[in-house]
Structures are given as C-alpha cells and as structure tokens.
Amino acid sequence: MNITDVRVRKVAKEGKMKAVVSITIDDEFVVHDIKVIEGEKGLFIAMPSRKAADGEYRDIAHPINSVTRDKIQTIILGRYQDVLAAEPEEAVQD
C-alpha cells in the first residue's frame, strides 16, 4: 500500500481539531475526513467515524493493524507539519 496523495485542510477555529485530511491510496482509493487532533501527548489522527445508535462513535474506515495505522499517521502528520512550515509567520504587533 502506498499513500500517493495527502490533502490537508487546516481548521481555522480554535480547538483540539487542527486539520481535516484526505488521503489517496495507490492512486485508486480515497479516504476523506481523517482528523488531525491535538491531544495531551501531542498530535494524532482520528479516522472517519459515525455516531452509532448507542451514542458511541465508530470508525467507518480504518487500518486493520497498528503498523499500517502508524504508517498513515506518520505520513499525515509529516504533511501537516509541512503545511504549517509553508505558512508565512504572523506579524507580531507591539
């Protein structure tokens, strides 16, 4: 499996969710609405999910194993950092 495209849309409002990401796998399959979240231990990704009848959220698309999850997370967070680095720094006002 190769992630062939990553599109990051930063979230403008303040909060724990920092961006929403879409990935393309092998130029053939797209997963939308992966969230970049700021947690207590740093950034992590949350796969697209839906609220079930019992009130719990369930992933609707997700990696089968932790190796694949780590690979996807590393690529997404790297691209997110690239997007942040490419932004012009905000002017500091005195």
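Structure report, in brief.

Calculation notes
- Residues numbered from 1 in each chain as written.
- Predicted model: local features only at pLDDT ≥ 70, side-chain atom pairs only at ≥ 80, totals over all residues.
- Heavy atoms only, no water.
- Helix = DSSP H or I, 4+ residues; strand = E, 2+ residues; numbered from the N terminus.
- Buried < 20%, exposed > 50% of the residue type's maximum accessible area, 1.4 Å probe, protein only.
- Contact = heavy atoms within 4.5 Å.
- Areas by Shrake-Rupley, 256 points an atom, 1.4 Å probe, with all protein chains shown as cover.
- Lys, Arg positive; Asp, Glu negative; His and termini not counted.
- Charge placed at Lys NZ, Arg CZ, Asp CG, Glu CD.
- Pairing = 2+ DSSP bridges.

Check the secondary structure of the protein chain and you find one helix and six strands. Sequence-ordered secondary structure for the protein chain, helices as α and strands as β, is β-β-β-β-β-β-α. Its C-alpha atoms put the protein chain at 50 × 35 × 20 Å along the principal axes. A buried classification covers 23% of the 94 residues belonging to the protein chain. Partitioning the contacts of the protein chain with sequence separation of at least 6, the portion at a separation of at least 24 is 28%. Counting every atom, the protein chain has about 7100 Å² of accessible surface; 49% of that belongs to carbon and sulfur. When the 14 positive and 17 negative side-chain charges of the protein chain are each reduced to one mean point, those points stand 6 Å apart.

Moving on to unusual backbone geometry. Positive phi, close to 55°, is recorded for Asp 26, a residue that is not glycine. Looking at the secondary structure, you find Asp 26 in the loop between β2 (17-25) and β3 (29-39). For Asp 26, a relative accessible area of 34% corresponds to the partly exposed category. A positive phi is found at Asp 27, a non-glycine position, where the angle reads about 55°. By the secondary structure assignment, Asp 27 is in the loop between β2 and β3.

Attention now moves to the pairing of strand β1 (residues 3-10). Sheet topology places β1 next to β2; seven bridges connect them, and they run antiparallel. Note that in β2 the partner of Lys 10 across the bridge is Ala 19. From the end of β1 to the start of β2, which pair antiparallel, there are six residues, and Gly 15 there has a positive phi angle of about 150°.

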